[in-house]
Amino acid sequence: MDVRGQDRAVALLLRYLETGNVPPGLLFFGEEGIGKEMAASAFVSALFCRNRGTAGGCGTCHDCRLHASGSHPNFLRVSPEKQNILIDDIRALQDELSLKAFSDRPRAVLIAPADRMTIQAANALLKTLEEPPPGTHLFLVAHRISRLPPTIVSRCQKISFSPLTPGEVEEILAGIPGIGSRYRPEEIRGAAACSGGSPGRALEVLEEAGGEREKWVQLLSSPDPAAITETAASWKGAADLSRKLAAPLSVVRDIALLSSGTEMGIINEDLKTALRAAAGRKTPEGWGRAFKALLSMSRMPPQAQKQLMVEAFLFEFHRKG
Ligand SMILES: [Zn+2]
């Protein structure tokens with residue numbers, strides 16, 4: 001089972017396989033994009049495999065190949081069709097589980113993201129979690145465990161997934177076919193540094209960040225009310241705040257480093273001249289405060305007034321020393 005940066009979770013899963021005590025309900029939780037579903041899928045493959053080794057499924061037997069192609073008959077997946085997983089989705093699953101399995105292998109149900117079940121859907125699932133049909137295992141994948149009802153959480157064995165280090169994220173990104181040729185190494189490093197340890201998010205940042213870094217260097221270099229207002233407008237209704245903050249965070253972090261006289265660990269190497277020019281606008285403490293202000297924005301709730309927030313930040317930034 002090869003899931004980078006999740007050694008603890010993988011070790012726990014391998015122990016279940018080794019002892020033969022695979023719990024009927026497993027809850028994989030942690031940040032989005034750090035390998036929970038990948039681990040669940042590898043674990044399911046190991047359950048199906050007929051030549052299982054100490055590291056999981058063999059990858060070459062009939063069942064491993066069926067699962068890899070997404071067509072193993074004993075694998076069921078429940079995901080939201082639109083916003084949420086609904087009670088009807090859970091009922092359809094229960095109907096399916098009440099029928100005889102197609103293959104003699106164990107049955108595996110993946111519910112992802114499980115934290116998008118409505119409360120009615122979650123209540124309906126309780127019965128199945130309490131008394132799953134023989135040989136059936138349920139895998140719940142949740143980005144935010146706090147959104148799941150405690151009754152669901154308490155009926156599952158919990159497997160926690162941790163964010164990766166920026167270095168690990170960078171390595172994973174660089175290893176993805178096509179990424180190395182489409183993006184410069186410093187862009188990949190930048191995305192990794194502000195991904196919160198999630199390769200999945202780093203990929204999104206990479207795809208969205210084009211031109212954003214340059215724009216932010218400009219915004220911080222000289223007060224231009226029109227540009228500030230225009231930028232703030234583009235934040236209105238932004239669905240993912242951490243994605244919007246990726247570029248300003250990486251730029252301000254670099255400037256703060258440069259202004260305190262160090263060049264070690266600069267992410268945006270390609271913009272260094274412009275960053276150095278901007279650094280003179282504030283004291284190192286002033287840059288440190290700006291960085292903290294941006295960081296605190298990243299912890300704002302999704303319904304926060306993003307447009308006002310970023311506008312206030314920029315005007316305040318230029319007003320103060
Ligand atoms: Zn196999």
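Because the structure is predicted, anything quoted here is derived from the model rather than measured.

Definitions and limits used
Residues numbered from 1 in each chain as written. Predicted model: local features only at pLDDT ≥ 70, side-chain atom pairs only at ≥ 80, totals over all residues. Axes fitted to C-alpha atoms, helices over the stretch in contact; angles between N-to-C directions. Helix = DSSP H or I, 4+ residues; strand = E, 2+ residues; numbered from the N terminus. Parallel < 35°, antiparallel > 145°, perpendicular 65-115°, else oblique. Left-handed = near helix turned anticlockwise from the far one by under 90°. Contact = placed C-beta atoms within 7 Å. Nonpolar A, V, L, I, M, F, W, Y, C, P; charged D, E, K, R; others polar. Core = buried A, V, L, I, M, F, W, Y, C linked by C-beta atoms within 7 Å. Buried ≥ 20, exposed ≤ 12 C-beta atoms within 10 Å, placed from the backbone. Domains from an automatic or database assignment. pLDDT = per-residue confidence, 0-100. Expected span 1.5 Å × (residues − 1). Arc of directions from axis to C-beta.

J.: Kindly report on the packing of helix H12 (residues 225–235) against helix H16 (residues 306–319), identifying the contributing residues and their values.
T.: For the pair H12 and H16, interaxial distance at closest approach is 7 Å and the crossing angle is 150 degrees. When the interaxial angle is binned, H12 and H16 end up roughly antiparallel. For the crossing formed where H12 meets H16, the hand is right-handed. Along the contact surface, H12 presents Ile228, Thr229, Thr231, Ala232, Ala233 and Trp235, while H16 presents Lys306, Gln307, Val310, Glu311, Leu314 and Phe315. Residues of the contact of H12 with H16, tallied by class, amount to seven nonpolar, three polar and two charged.

J.: Explain unusual backbone geometry to me, using residue names and the numbers behind them.
T.: Residue Pro113 is reached from Ala112 by a cis peptide bond, and omega for that bond is -10 degrees. Along the polypeptide, Pro113 turns up in the loop between strand S3 (107–111) and helix H5 (119–130).

J.: Account for the nonpolar core, naming residues and giving values.
T.: In terms of nonpolar packing, the biggest core is built from 83 residues, with Phe28, Ala39, Ile111, Phe139, Leu140, Val141 and Ile255 touching the most fellow members. Ranked by the residues each element gives to this core, the list is headed by helix H13 (residues 241–259), at 10 residues. Contact partners of Val141, with chain neighbours within four places excluded, come to Phe28, Lys36, Glu37, Ala40, Leu110, Ile111, Ala112, Pro113 and Ala114.

J.: Give a description of the domain arrangement of the protein that names residues and reports values.
T.: Domain assignment breaks the protein into domain 1 (7–160), domain 2 (165–207) and domain 3 (209–319). Each of domain 1 and domain 3 has a C-alpha centre, and the two are 41 Å apart.

J.: Can you lay out the confidence of the model for the protein for me, pointing to particular residues and giving the numbers?
T.: In low-pLDDT regions, the fine details of the predicted coordinates are not to be read closely. Residues at a pLDDT of 70 or more form 99% of the protein, whose mean pLDDT is 91. No element of the protein has a lower mean pLDDT than helix H8 (residues 179–182), at 83, and none a higher one than strand S1 (residues 25–29), at 98.

J.: Describe helix H4 (residues 87–98), with residues and values.
T.: End to end, H4 covers 17 Å across 12 residues, agreeing with the expected 16 Å (1.5 Å per residue, within 8%). Taken residue by residue, H4 has Asp89, Ile90 and Leu93 as its buried positions. Down the axis of H4, the buried set is contained in an arc of 95 degrees. They therefore lie on one face. For H4, exposure combined with an orientation more than 90 degrees from the buried face picks out Asp88, Asp95 and Ser98. Of the surrounding elements, those touching the buried residues of H4 are strand S2 (75–78), S3 and H5.

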